[in-house]
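# Residue-level structural notes
Read off the chains here:
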Amino acid sequence: MLKSLGNTVIALGVILGASAVKAEERTITIATEGAYAPWNFTEAGGKLAGYEIDMLEDLCPRMKVKCEIVVQDWDGLIPALNAGKFDAIVAGMLQTEEREKVIAFSRNYGTGSAAFLVRKDSPLANMPVGKQVDMGKDKEAAKAAAAEMLPFMEGTVIGGQGSTTAAQIMSELFPGIELREYKSTEQHDLDLEAGRIDGVMASPVALDRAREKIGADQVVFAGTEFTGGPLGGGQSVGLRKADTELKAMFDQAINAAIADGTLSRLAIKWFKRDISPKQ
């Protein structure tokens, strides 16, 4: 899940929680990618939509703040956050050890995994399917699953979004397989549909949407679904390390939205599966 720090952050004028806050209350600016459906995306008319946009409509009033959402390319999110361009990142970003070196995270509001969506006319379609392996808890099982898949992957090209965990997983488990990195998931979906790559590694919920767009007659899930390890603690709000008060506000609001079933309801709406944390 990217452009340089010099890229302009585009404000879309989306204000959340305005009716529930007073004028004197705090305004926070939240950056999203706007190109990672169904987590967050930009509709034809320019309006932001998705699971995270609906989630923020719930969280901001809980925090008693006014939220302004801006759009920033993925690769500029963390540098721009630390440069003070905005206050938080809500963009399907996984909490990982590598990212925790430079920013802080709220408690998670989603559970992360990575899977493969492949063309039916590719050798990848013959990979064993149905297995889920935690790379953090069972490294040997992850290596064994990769070994089962490798014979089908020789000579193929896998797509993945740049600066995401896809590159880390591919280098760790499939070091000899070509990974073609893209600025956005939309770009690698287009190349998958056109047959310029054989498969894509991404979040299953993002791949569900890609399969809907491309067509189940053209693409299929194959191979092992990986969790844990580089995928870290799930999708979380990215924050500057010094903003401990804001982190506490997000933590409290997310916990409340989990407890009353709001996140579960939104997950079913957008993903057709419940990816919300259970505690």
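Residues numbered from 1 in each chain as written. Predicted model: local features only at pLDDT ≥ 70, side-chain atom pairs only at ≥ 80, totals over all residues. Heavy atoms only, no water.

As recorded in an unreviewed UniProt entry, the protein chain goes by the name Transporter substrate-binding domain-containing protein, listed as coming from Mycoplana ramosa. Taken from UniProt, the Subcellular location (unreviewed entry) comment for the protein chain reads in full: "Periplasm". (UniProt positions renumbered as here; feature names shortened; annotations may be inferred.)

Residues annotated in UniProt with the feature "domain: Solute-binding protein family 3/N-terminal" (unreviewed entry) correspond here to residues 27–274. Between the C-alpha atoms that bound residues 27–274 the distance is 30 Å, and the span itself is 38% helix and 26% strand. (Helix = DSSP H or I, 4+ residues; strand = E, 2+ residues; numbered from the N terminus.)

Take the nonpolar core next. Among the nonpolar cores identified, the biggest contains 39 residues, and Ile30, Tyr51, Tyr109 and Phe250 are the most heavily contacted of them. Contributing elements (two or more residues each) for this core: β2 (27–32), β5 (48–49), α1 (51–63), β6 (66–71), α7 (204–214), β15 (236–239), α8 (244–259) and α9 (262–271). Once residues within four sequence positions are removed from consideration, Tyr51 is found in contact with Pro38, Trp39, Tyr109, Leu263, Leu266, Ala267, Trp270, Phe271 and Ile275. Ala114, Met135, Leu173 and Phe174 belong to the second largest nonpolar core, which has 24 residues in total. (Core = buried A, V, L, I, M, F, W, Y, C linked by side-chain atoms within 4.5 Å. Buried < 20%, exposed > 50% of the residue type's maximum accessible area, 1.4 Å probe, protein only. Contact = heavy atoms within 4.5 Å.)

With that settled, consider the environment of Gly160. Relative to the elements of secondary structure, Gly160 occurs in strand β11 (residues 157–161). Take Gly160: its relative accessible area is 0%, and that puts it in the buried class. Residues Gly160 and Ala194, 34 residues apart in the sequence, show an inter-C-alpha distance of 15 Å.

Right, let's talk about the packing of aromatic side chains for a bit. Summed over all chains, the structure comprises seven aromatic pairs. An angle of 90° between the planes, with centres 5.9 Å apart, marks the rings of Phe116 and Phe174 as edge-to-face. Taken together, the residues Phe116 in strand β9 (residues 114–119) and Phe174 in the loop between α5 (165–173) and β12 (178–182) connect sequence positions 58 residues apart. The residues Phe116 and Phe174 share a single accessibility class, namely buried. With centroids separated by 6.4 Å and ring planes inclined at 70°, the aromatic side chains of Phe174 and Phe226 adopt a geometry described as edge-to-face. In this pair, Phe174 is assigned in the loop between α5 and β12 and Phe226 in strand β14 (residues 219–227), connecting sequence segments 52 residues apart. One aromatic cluster is present, formed by Trp39, Tyr51, Tyr109 and Phe271 through successive ring pairs. (Phe/Tyr/Trp six-rings, centres within 6.5 Å; stacked < 30°, edge-to-face > 60°.)

The six strands are arranged β10-β14-β9-β13-β11-β12 in an open sheet whose pairing can be described as mixed. Looking at the sheet topology across the chains shown, the edges are occupied by β10 (129–134) and β12. Each strand of the sheet is rotated relative to its neighbour by a mean of 25°, with strand direction disregarded. Judged from the five bridges that link them, β11 and β12 form a sheet pairing that is parallel. Residue pairing for β12: Gly160 is matched across the bridge by Glu181. (Pairing = 2+ DSSP bridges. Axes fitted to C-alpha atoms, helices over the stretch in contact; angles between N-to-C directions.)

The next subject is the pairing of β14. Here five bridges tie β9 to β14, and the two strands are oriented antiparallel to one another. Its bridge partner lying in β14, Arg119 is registered against Val219. Of the strand pairs in this sheet, β10 and β14 are connected by four bridges, and their pairing is parallel. Paired with Val129 across the strands is Gly223, a residue of β14.

Residue Pro38 is bonded to the preceding Ala37 through a cis peptide linkage, with omega at 0°. Within the fold, Pro38 resides in the loop between β3 (35–36) and β4 (40–42). Backbone geometry at Lys64 places phi at a positive 60°, although glycine is not the residue there. On the secondary structure map, Lys64 appears in the loop between α1 and β6. You can call Lys64 exposed: its relative accessible area is 54%. A positive phi is found at Lys272, a non-glycine position, where the angle reads about 60°. In this fold, Lys272 is placed in the segment after α9.

The strand order across the open sheet formed by three strands is β3-β4-β5, and the pairing between neighbours is antiparallel. Each edge of the open sheet carries a strand with a single partner, namely β3 and β5. Where β3 and β4 come together, two bridges link them in antiparallel fashion. Within the sheet, the bridge partner assigned to Ala35 lies in β4 and is Phe41.

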